[in-house]
Amino acid sequence: MRLRTLLATTAAALAAATCLTAAGPAGAQQNRAHHACSTTVSIDRFSDALDKTTYDGTYVGNLSALAPDRHRTVAALSDRSALFRLDARTLRPEDVIPLADENGAALDSEGLVVDRDGTYLVSSETEPTVRRYSRDGKILDRLSVPEELGTRARTNGSFEGLTLLPGGRTLVASMEYALTGDPDDQVRLQTWRRTAHGDFRLGAQYTYTTDRGLGVTEVTATPDGRLLVLERGFTSGVGNTVRLYLADRHGTVYDKTLLADLADCPSLGATAKQPQPNPLLDNIEGMVVTGRDHGRLKVLLVSDDNQNASQTTRLYALRVRL
């Protein structure tokens, strides 16, 4: 199935899942204005349809990454060693693929890319690693990683985001937090370059500066080669901070521009199971660009509920003007 068709189907599925009535052109424009999170970002809808559900004996939650997949599906990665294929129309799971490391042990899988041949590139923040898996979950390859990213990484603070730049030649993995010895607000972005044989070899490394107390939970390439960056933090008794940035590379540094603080989005009737500055918010970790509409990017987010009764697995449909 062509990617454009898949993305259109995905957007339609989100609308159905949240039971929102489609508006005409004038109504749609007015609706987006009322749903503004900032001058450049608006939220169309959200869905809690997957929250606290199971499929084939596997808990459908702990979701940390999303990617458009083949055959009318959307890939959703759980950080508990499972990859779901969701039907693009209903967003209901239709398949689950167990993942493991080379010894059959569980992964803390956080980042996901569906490569051009349909295989899955999955990052783990435990080692850290990036592995390639077949469509049925078999390990095909393991990318080289600089030793310092493992020896100096903070616990549960390494490869959280993964994206493939336009053209498919450069893979980017983002650390969640700074390495030991680096400034607390400076995270590393590691790249790999695709060779003529189709595999990836280590490339350049870049830096990105986070807001105080926040970490990078996802990076997603825009069609022009820049990065959308999700920064997230959590304060007990207060809730989550989630900010969306646009990052542009200059030399070895990515500069950033704030697109929206998601606490400023309208709540759209959402409820929270724990204190939040906005009941719409939760532990948002996954993000993918799903298409364009009238000059805006369609962006899909997902929250990781940590299999916790006080958190929610929630999908968010945004529109972003760059």
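Above this text is the structure in question.
How each quantity is defined
Residues numbered from 1 in each chain as written. Predicted model: local features only at pLDDT ≥ 70, side-chain atom pairs only at ≥ 80, totals over all residues. Heavy atoms only, no water. Helix = DSSP H or I, 4+ residues; strand = E, 2+ residues; numbered from the N terminus. Buried < 20%, exposed > 50% of the residue type's maximum accessible area, 1.4 Å probe, protein only. Contact = heavy atoms within 4.5 Å. Areas by Shrake-Rupley, 256 points an atom, 1.4 Å probe, with all protein chains shown as cover. Core = buried A, V, L, I, M, F, W, Y, C linked by side-chain atoms within 4.5 Å. Pairing = 2+ DSSP bridges. Axes fitted to C-alpha atoms, helices over the stretch in contact; angles between N-to-C directions. Disulfide = S-S within 2.5 Å. Salt bridge = Lys/Arg side-chain N within 4 Å of Asp/Glu carboxyl O.

Can you walk me through the overall build of the chain in this structure?
A tally of regular secondary structure across the chain gives three helices and 22 strands. Across the 322 residues of the chain, 55% fall into the buried class. Restricting to contacts in the chain with at least 6 residues of sequence separation, those with at least 24 account for 53%. Accessible surface for the chain amounts to roughly 13700 Å². Of this, 48% is attributable to carbon and sulfur atoms.

In this structure, what is going on with the nonpolar core? I would like to understand it.
Nonpolar side chains in soluble globular proteins generally cluster together in the buried interior. One finds Val41, Leu228, Leu244, Leu262, Val299 and Leu301 to be the most contacted residues of the largest nonpolar core, which totals 25 residues. Listing elements by their share of this core, those giving two or more residues are β1 (41-47), β17 (227-235), β18 (239-250), β19 (253-261), β20 (284-293), β21 (296-303) and β22 (315-320). If we ignore the near neighbours within four places in the chain, the residues touching Val41 are Ala36, Leu244, Leu259, Ala260, Leu318, Arg319 and Val320.

I'm lost on the sheet that holds strand β10 (residues 129-133) in this one. Help?
Two orientations exist for strands paired in a sheet by backbone hydrogen bonds: parallel and antiparallel. Ordered in space as β8-β9-β10-β11, the four strands form an open sheet in which the pairing is antiparallel. Every interior strand has two partners, whereas the edge strands, β8 (109-114) and β11 (139-142), have only one. For this sheet the average axis-to-axis angle between neighbouring strands, irrespective of direction, equals 25 degrees. Bridging between β8 and strand β9 (residues 120-124) involves five bridges; their strand directions are antiparallel. Looking at β9, one finds that Leu112 is bridged to Val122.

Honestly, the pairing of β22 in this entry has me stumped. Any pointers?
Looking along a regular strand, one sees side chains alternate from face to face of the sheet. Within β22, six of the six residues are buried, which leaves it mostly tucked inside the rest of the structure. Of the two faces of β22, the one lined by Leu315, Ala317 and Arg319 and the one lined by Tyr316, Leu318 and Val320 are each fully buried. As paired elements, β1 and β22 share six bridges and run antiparallel to each other. Bridge pairing links Phe46 to Tyr316 in β22.

Mind showing me how you'd approach the state of the cysteines here?
Disulfides are covalent bonds that connect the sulfur atoms of two cysteines. Inspection of every chain in the model, using the stated rule, returns one disulfide. Linked covalently through their sulfurs, Cys37 and Cys265 form a disulfide whose S-S length is 2.0 Å. In this structure, the disulfide formed by Cys37 and Cys265 twists by about 110 degrees around the S-S bond and is classed as right-handed. One end of the pair, Cys37, is in the loop between α2 (25-34) and β1; the other, Cys265, is in the loop between β19 and β20, with 228 residues separating them in the sequence. Cys265 matches Cys37 in its accessibility class, with the two residues each being buried.

Help me out: how do you make sense of the pairing of strand β14 (residues 186-194) in this one?
Counting buried residues along β14, seven of its nine residues qualify, which places the element largely inside the surrounding structure. Of the pairings in the sheet, the one linking β14 to strand β15 (residues 200-209) comprises eight bridges and is antiparallel in character. The partner of Arg188 across the bridge, within β15, is Thr207. Counting the residues in the hairpin turn of β14 and β15 gives five residues, including Gly198, whose phi is positive at 95 degrees.

Any chance you could explain the pattern of salt bridges here in plain terms?
It is possible for side chains of opposite charge to pair when their charged atoms get near one another. As enumerated under the stated definition, the model contains 29 salt bridges in all. With its nearest N and O atoms 2.7 Å apart, the salt bridge here joins Arg314 to Asp48. Of this pair, Arg314 sits in the loop between β21 and β22 while Asp48 sits in the loop between β1 and β2 (53-55), and the two are 266 residues apart along the sequence. Asp182 is paired through a salt bridge with Arg152; the nearest N and O atoms lie 2.9 Å apart.

What is the right way to look at unusual backbone geometry in this model?
Most peptide bonds adopt trans geometry, and most residues besides glycine take a negative phi value. For the peptide bond that leads from Glu127 to Pro128, omega is 0 degrees, which places it in the cis range. Here Pro128 lies in the loop between β9 and β10. A positive phi angle, close to 50 degrees, is found at Asp56, a residue other than glycine. Tracing the chain through its elements places Asp56 in the loop between β2 and β3 (58-60). Positive phi, close to 50 degrees, is recorded for His294, a residue that is not glycine. Given a relative accessible area of 73%, His294 falls into the exposed group.

Can you help me understand the environment of Thr126 in this one?
By the secondary structure assignment, Thr126 is in the loop between β9 and β10. On the basis of relative accessibility, which here comes to 53%, the residue Thr126 falls in the exposed class.

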